[in-house]
Amino acid sequence: MTAHHLDLRTARRLAVRSQALSARRAPGLVPLVKQLTLLQVDPTAAIAPNADLVAWSRLGAVYRPEDLTRALEVDRTLFEFDALIRPMEDLPLFLAGMQGAPHRERTREWLTANRSFHRDVLARLRDAGPLASRDLPDTAAVPWASSGWTNNRNTTQLLEILAMRGEIAISHRKGRERFWDLAERVYPADAVAIPFADAVRIRDERRLAALGIARAKAPEQPIEPVHVGEAGEEATVEGVPGTWRVDPAALEAAGSERFEGRTALLSPFDRLGYDRVRARQLFGFEYTLEMYKPEAKRQWGYFALPVLHDDELVGKVDAKADRKAGILTVHAIHEDAPFDADTKDAVHGELDGLAEWLGLERVGP
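A brief report on the enclosed structure follows. A quick note: this is a predicted structure, and the numbers were derived from the prediction, not measured. (Residues numbered from 1 in each chain as written. Predicted model: local features only at pLDDT ≥ 70, side-chain atom pairs only at ≥ 80, totals over all residues. Heavy atoms only, no water.)

1. Points about the overall build of the protein chain
Inference 1: The secondary structure content of the protein chain amounts to twelve helices and 15 strands.
Inference 2: Computed over its C-alpha atoms, the radius of gyration of the protein chain comes to 22 Å, within 12% of the 21 Å expected for a compact globule of 365 residues.
Inference 3: Relative to its full complement of 365 residues, the protein chain shows a buried share of 49%.
Inference 4: Restricting the contact set of the protein chain to residue pairs at least 6 apart, pairs at least 24 apart contribute 62%.
Inference 5: Entry remark: accessible area of the protein chain is about 17,500 Å², with carbon and sulfur atoms responsible for 50%. (Helix = DSSP H or I, 4+ residues; strand = E, 2+ residues; numbered from the N terminus. Rg over C-alpha atoms; globule rule 2.2 N^0.38 Å. Buried < 20%, exposed > 50% of the residue type's maximum accessible area, 1.4 Å probe, protein only. Contact = heavy atoms within 4.5 Å. Areas by Shrake-Rupley, 256 points an atom, 1.4 Å probe, with all protein chains shown as cover.)

Structural data, given as structure tokens:
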């Protein structure tokens, strides 16, 4: 098949539309997560928890965090696995991989050495679950050794391993604290594993549909890849080296429907810009998450929000929510190139909308 040849604007619009960031908003939270395939869970909440911020940037003021809680904990239309929230209907794509976990030899050896610990935790959950990790006994025969924060955190480590194996699952949260239960009480009983090779192919296809355009191969990323293998069809982008993969359905829609953009404030973990190399090549957008830098060395701010305007990433907003004080402080609006009047008005309108959604008073430029 002949490769598609795209100009930069078409490539950007594919990405924006596929990420549900055009003017046409998703009809609700669960359909949105199905389109995006995931919401990343991250404890940083300088503005709001990442999953909530990503949902708000797509759904607007109609989205409430309790919608996500209900979908995860009551309706069970979404599930949390490996720090990502996914549609429950996608569970079969992960079951075969769960059956082969853990994949590291050291972890398998540790689990084998702690068979009785393993049994104790499952028995306790069966009798009294759902429970937090602090409610479960640490009967490890061999402690978990690590040079990092997990050293000797035996119960937490075992729970993570058993979740990756599909033996237990997150039932619900109270604040940031996770409560665990047997997987059979959280996941639907009729979920059937899709063979692993087929599941990888389908996940690549779903990821490409969510991204619109991506590389076949890319450096490995934590939690979720940014590459899509041989999914979709080959494409080149004007002025950008190498080949890409594009989602044919998204490409067809781009050719038949008029693109209508909008302005959005994005989480630093938002998938539109999560792949920093892709963001630079397609959008000319430079970004570094600076929360780990000393304040004096930050260029854009602790948790700067990328700014999308139409089909371009145009700047960053340095803001922080102080819920005790009841204010959203906007420290700076960084313009990658000087904003015109319409862009300025749109960005300020989004900041007002963000403050209203958070129930805070906006302070700053």
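The discussion continues.
2. Things to note about unusual backbone geometry
Inference 1: Geometrically, the link from Ala101 to Pro102 is a cis peptide bond, its omega value of -5° lying close to zero.
Inference 2: Secondary-structure assignment places Pro102 in the loop between helix H5 (92-99) and helix H6 (105-113).
Inference 3: Pro130 follows Gly129 through a cis peptide bond whose omega is 5°.
Inference 4: Mapping Pro130 onto the fold places it in the loop between helix H7 (115-128) and strand S5 (131-132).
Inference 5: The backbone of Arg76 shows a phi angle near 55°, a positive value even though the residue is not glycine.

3. Here's the deal with the packing of helix H1 (residues 8-18) against helix H9 (residues 196-211)
Inference 1: Close contact between H1 and H9 brings their axes to 6 Å; oriented N to C, the two are set at 110°. With respect to H9, the element H1 is oriented roughly perpendicular. Across the interface between the two elements, Leu14, Ala15 and Ser18 from H1 touch Ala209, Ala210 and Leu211 from H9.
Inference 2: Looking at side-chain class alone, the contact of H1 with H9 contains five nonpolar, one polar and no charged residues. (Axes fitted to C-alpha atoms, helices over the stretch in contact; angles between N-to-C directions. Parallel < 35°, antiparallel > 145°, perpendicular 65-115°, else oblique. Nonpolar A, V, L, I, M, F, W, Y, C, P; charged D, E, K, R; others polar.)

4. A look at the sheet that holds strand S13 (residues 312-322)
Inference 1: Taken together, five strands build an open sheet; the order of strands is S11-S12-S13-S14-S15 and the sheet is mixed. In this open sheet, the two strands that pair with only one neighbour each are strand S11 (263-265) and strand S15 (361-363). Recorded for the sheet is a direction-independent mean angle of 30° between the axes of neighbouring strands.
Inference 2: Alignment of S13 against strand S14 (residues 327-335), held across eight bridges, turns out to be antiparallel. Opposite Val317, over in S14, you have Ile333 as the bridge partner.
Inference 3: Strand contacts of helix H12 (residues 341-358): S11, strand S12 (305-309), S13, S14 and S15, with the helix running at about 155° to S14, the strand carrying the most contacts. (Pairing = 2+ DSSP bridges.)

5. Quick notes on the sheet that holds strand S3 (residues 78-81)
Inference 1: Within the open sheet, the three strands sit side by side as S2-S4-S3. Their pairing is antiparallel. Since the sheet does not close on itself, it has two edges, and those belong to strand S2 (39-40) and S3, each with one partner.
Inference 2: Relative to strand S4 (residues 84-87), S2 runs antiparallel, the two sharing two bridges. Its bridge partner being in S4, Leu39 is matched across the sheet by Ile85.

6. Notes on the nonpolar core
Inference 1: The biggest cluster of nonpolar side chains holds 70 residues, and the ones touching the most others in it are Leu29, Ile47 and Leu354.
Inference 2: Sequence-distant contacts of Leu354, that is, excluding residues within four places in its chain, are made with Ile47, Leu53, Trp56, Leu265, Leu305 and Leu328.
Inference 3: Counting residues in each nonpolar core, the second largest holds 18 residues, with Leu125, Ile161, Ile168 and Ile170 among its members. (Core = buried A, V, L, I, M, F, W, Y, C linked by side-chain atoms within 4.5 Å.)

7. Some words on the pairing of S13
Regular strands place side chains that alternate from one sheet face to the opposite one.
Inference 1: Counting buried positions along S13 gives eight out of eleven residues, so the element sits mostly inside the fold.
Inference 2: When S12 meets S13, the two strands line up antiparallel, connected through five bridges. Considered in S13, the bridge of Leu305 is made with Val317.
Inference 3: Remark: two residues form the turn of the hairpin made by S12 and S13, two consecutive strands paired antiparallel; Asp310 in that turn has positive phi of roughly 60°.
Inference 4: Where S13 folds back on S14, the antiparallel hairpin that results is connected by four residues, among which Gly326 adopts a positive phi of roughly 75°.

8. Observations regarding the pairing of S12
Inference 1: Counting buried residues in S12 gives four out of five residues, a clear majority hidden from the surface.
Inference 2: Pairing of S11 with S12 involves three bridges; the strand directions are antiparallel. When the bridges of S12 are listed, Thr263 appears paired with His309.

9. Brief notes about the environment of Arg126
Inference 1: Checked against the element boundaries, Arg126 lands in helix H7.
Inference 2: Considered as a pair, Arg126 and Arg185 are 59 residues apart in the sequence and their alpha carbons are 9.7 Å apart.
Inference 3: If we ignore the near neighbours within four places in the chain, the residues touching Arg126 are Leu182 and Arg185.

10. Examining the environment of Glu356
Inference 1: Mapped onto the elements of the fold, Glu356 is located in helix H12.
Inference 2: Sequence-wise, Glu356 and Glu66 are 290 residues apart; in three dimensions their C-alpha atoms are separated by 17 Å.

By themselves, these figures tell us nothing about what the structure is for.
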